[in-house]
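Secondary and tertiary structure notes
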Amino acid sequence: MTKLDFKLKVFSLSERLFPMVARMLGTQANTEDAIQEIMMKLWKKRKKLEKHPNIKGFVFLTARNYCIDIIRKKRFLLDELKNYSRIIKSSNETKKIEWEELNIIILKILEEIPEQQKEVFMMRDIDGYEFIEIAAAMQIKIEHTRVLLSRTRKQIGLTLEKTYSYERGIY
Amino acid sequence: MKEESIKNFIEKYKSGTSSLEEEIFLFDSKKVTNSSIQMIFSFIKKNKKEVPQNFNDKMWMSFDKKTKKMNQFRIGLLSTAASIVLLLSIYISNKNELTNSEKEALLIEAKSMFIAKNQKEKNYTIIIQNELVVVYTKHK
């Protein structure tokens, strides 16, 4: 694989990797460094990569595994997400408090959900990936991805309904 | 967009059968009345990460520099290794070459071997010699 081929087929996916890597690793500086590292790894494997039947899938899988390795070392997935949420500025203070409360509730719901389900939800709704990309990164079937996603969306919706009905006094 | 189609989109969203375009439309729509779905969309929108502008180009520039440096380093390393091998081979070949005194000693030794052979030959006298037989005396 020439450098130009690598640029067109592999490196061009950097923008697509950004949301997932940024979500998993936190800051933009971390994300940029991580994507550089991922690309260097892939560059070293370019001879093997050339013959791979699903280059895009392999790139997503490599990126996800790399992030998991980093997280295992640092263990800051949800903390960073919480920190990130706190940085987001709301126009008024009430809205900000409401937003923080909602964010904490949904993060708590996500903590209760099985890891695989949570990851599929994050990759689809937050990162905006196609099912084929999620399936490749998670090494599962597309249909299974849809099932996990549907289950998670319904579970979050139901738990939110219960939480807010309880707060409003509607039992 | 009609309320009916929004409802359909939400149903598709819940069952995991909506497309990315439909989902983007839903996240931005203000016609979603279901409060729990609204909350989920709000969470999603606020947690979405925006890709910086010209991200690929910026990253490529840095990657290109790194790989060029790596190549330069590899070339430097190879040329250093080649130089070391060359110097070593010159050193070893020089080491194997004999000094003049050693050469002289060897020559004397070789010469003495010839003398011994000649002396040995002188101890025998050939009486008859043809293609088949050689007759000689044991001692002179």
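In short, a report on the structure. (Residues numbered from 1 in each chain as written. Chains lettered and ligands numbered in written order. Predicted model: local features only at pLDDT ≥ 70, side-chain atom pairs only at ≥ 80, totals over all residues. Heavy atoms only, no water.)

So, the side chain of E22(B)
- Examined against the element boundaries, E22(B) turns out to sit in helix α2 (residues 20-28).
- Polar side-chain contacts of E22(B) include one of 2.9 Å to the backbone nitrogen of S19(B). (Helix = DSSP H or I, 4+ residues; strand = E, 2+ residues; numbered from the N terminus. Polar contact = N/O pair within 3.5 Å; in protein donor to acceptor, adjacent residues only side chain to side chain.)

Details of the packing of helix α8 (residues 115-126) of chain A against helix α3 (residues 35-47) of chain B
- Where α8(A) contacts α3(B), the two axes come as close as 10 Å, and the packing angle between them is 75°. Between α8(A) and α3(B), the angle falls in the class roughly perpendicular. Side by side, α8(A) and α3(B) meet where F121(A), D125(A) and I126(A) of the first sit next to I40(B), F43(B), I44(B) and N47(B) of the second.
- Taken together, the residues of the contact of α8(A) with α3(B) break down into five nonpolar, one polar and one charged. (Axes fitted to C-alpha atoms, helices over the stretch in contact; angles between N-to-C directions. Parallel < 35°, antiparallel > 145°, perpendicular 65-115°, else oblique. Contact = heavy atoms within 4.5 Å. Nonpolar A, V, L, I, M, F, W, Y, C, P; charged D, E, K, R; others polar.)

Some points on the packing of aromatic side chains
- All chains considered together, the criterion is met by twelve aromatic pairs over all chains.
- Ring plane angle 90° and centroid distance 6.0 Å describe the contact between W43(A) and F63(B), whose orientation is recorded as edge-to-face. In this pair, W43(A) sits in helix α3 (residues 28-44) while F63(B) sits in helix α4 (residues 55-96), so the two residues belong to two different chains.
- Relative to F27(B), the ring of Y13(B) lies with its centre 6.2 Å away and its plane at 85°, an arrangement referred to as edge-to-face. Of this pair, Y13(B) sits in helix α1 (residues 3-15) while F27(B) sits in helix α2, and the two are 14 residues apart along the sequence.
- Judged by relative accessible area, F27(B) falls into the buried class, the value being 5%.
- Members of the aromatic cluster, joined through ring pairs, are F6(A), F11(A), W43(A), W60(B) and F63(B).
- One Lys or Arg, R46(A), reaches over the ring of W43(A) and ends 3.8 Å from the middle of that ring.
- Its end group placed over the ring of F131(A), R124(A) keeps NZ or CZ at 4.0 Å from the ring centre. (Phe/Tyr/Trp six-rings, centres within 6.5 Å; stacked < 30°, edge-to-face > 60°. Buried < 20%, exposed > 50% of the residue type's maximum accessible area, 1.4 Å probe, protein only. Lys NZ or Arg CZ within 6 Å of the ring centre and 35° of its normal.)

Focus on the environment of L17(A)
All names here are of chain A.
- Looking at the secondary structure, you find L17 in helix α2 (residues 14-25).
- For L17, a relative accessible area of 0% puts it in the buried group.
- Distance in space between the C-alpha atoms of L17 and V59 is 8.7 Å, their sequence separation being 42 residues.
- Not counting chain neighbours up to four residues away, the residues in contact with L17 comprise I35, M39, V59, F60, A63 and Y129.

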